[in-house]
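This is what each chain is made of:
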Amino acid sequence: MKRISRERLYLSTLAPDAAELARSWGLGVELAEYCTAYNMDRHFAGTDAGVQAELRGNPRRILHAPFNELFPCAIDPEARALAARRYRQALALAVGYGAEKVVIHSGYAPMFYYDCWFEEQSILFWRDFLKEIPDGITVCLENVLETRAEPLLHIVEAVGDRRLRICLDVGHVNAYSREPVEDWLRAYAPWLSHFHLHNNRGSVDTHSHLAEGTIDMASLLGEALALCPAASFTLETTQAGSNLEWLEEQGLVE
């Protein structure tokens, strides 16, 4: 059985003990503090101090960019410009913190935009914005409210740049799509760089323990490791310790 190497396993700082556990297990950290954009502005000093403490002794880092009210496909050009400005800030922080990947929500909003608009305008946005991505950084677009795999896949395929890849959030698929997460995995495999791991009962995005939900996580991870041998994984739950113990019990982590 293939296993997740510790070099490719990260803990989200959603878990209060993520930094300490990452140090003791030899894992990386995914910084969640800047999911809320105002932490890059008026709350930056305090946020940065906390992040710097988390990073001490944790050399492998991923940064999760802000997502509230940010839509790369926005109809209003000022709204689209806001998304670009916040992403620039996130990229600058990623460089400063030594993060190699930045996770960015796709901005899919089914009640706001038709799928064709979301795809066409997102392609235009990312083709232009990729010119600003610093060397050594990969942007991973994350599915959230998507009910089908195709829109995000079409965007990344059409942009066709190795700096733009996919982050498959398996819990989001389980909560918002009727299609099995395994189908999403197979469709996304050539473009997958990162995974967000958490479980739920199939109706609400609860970010629950890997063993507490309707996803057969052991089976899914086995297939993910076979199809995406170079991808990284983040435990995106508040229960970091018990999830690590479960992965170890299942023989899924080195």
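Provided above is the structure to which this section pertains.
Residues numbered from 1 in each chain as written. Predicted model: local features only at pLDDT ≥ 70, side-chain atom pairs only at ≥ 80, totals over all residues. Heavy atoms only, no water.

## Focus on the packing of aromatic side chains
Here is step 1 of the chain: The full count for this structure, using the stated rule, is 14 aromatic pairs.
Here is step 2 of the chain: Aromatic pair Y34 and Y97: ring centres 6.1 Å apart, planes at 25°, arrangement stacked. Residue Y34 is located in the loop between β2 (28–31) and α2 (44–55), and its partner Y97 is located in helix α3 (residues 77–97); the two are separated by 63 residues in the primary sequence. Judged on exposure class, the residue Y34 and its partner Y97 are both buried.
Here is step 3 of the chain: Ring centres of F71 and F112 lie 5.8 Å apart, and the angle between their planes is 70°; this geometry places the pair in the edge-to-face category. With a gap of 41 residues between them, F71 in the loop between β3 (61–64) and α3 and F112 in the loop between β4 (101–105) and α4 (115–129) connect regions that are remote in the sequence.
Here is step 4 of the chain: For F112, a relative accessible area of 56% corresponds to the exposed category. (Phe/Tyr/Trp six-rings, centres within 6.5 Å; stacked < 30°, edge-to-face > 60°. Helix = DSSP H or I, 4+ residues; strand = E, 2+ residues; numbered from the N terminus. Buried < 20%, exposed > 50% of the residue type's maximum accessible area, 1.4 Å probe, protein only.)

## Side note on the side chain of H64
Here is step 1 of the chain: Its location among the elements puts H64 in strand β3.
Here is step 2 of the chain: In this structure H64 touches E30, L31, A32, Y34, C35, V103, H105, E142, H196 and E236, once residues within four positions along its chain are discounted. (Contact = heavy atoms within 4.5 Å.)

## A word on the nonpolar core
Here is step 1 of the chain: Counting 82 residues, the largest nonpolar core has L63, W126 and F195 as its most contacted members.
Here is step 2 of the chain: Element by element, the count of residues in this core is highest for α3, at 8 residues. (Core = buried A, V, L, I, M, F, W, Y, C linked by side-chain atoms within 4.5 Å.)

## Some details on the sheet that holds strand β5 (residues 138–142)
Here is step 1 of the chain: Here 8 strands make up a closed barrel; going around it, the order is β1-β2-β3-β4-β5-β6-β7-β8 and the pairing parallel. The sheet shows a mean angle of 25° between the axes of neighbouring strands, direction not considered.
Here is step 2 of the chain: Pairing between β4 and β5: 5 bridges, direction parallel. The residue bridging K101 from the neighbouring strand is T138, located in β5. (Pairing = 2+ DSSP bridges. Axes fitted to C-alpha atoms, helices over the stretch in contact; angles between N-to-C directions.)

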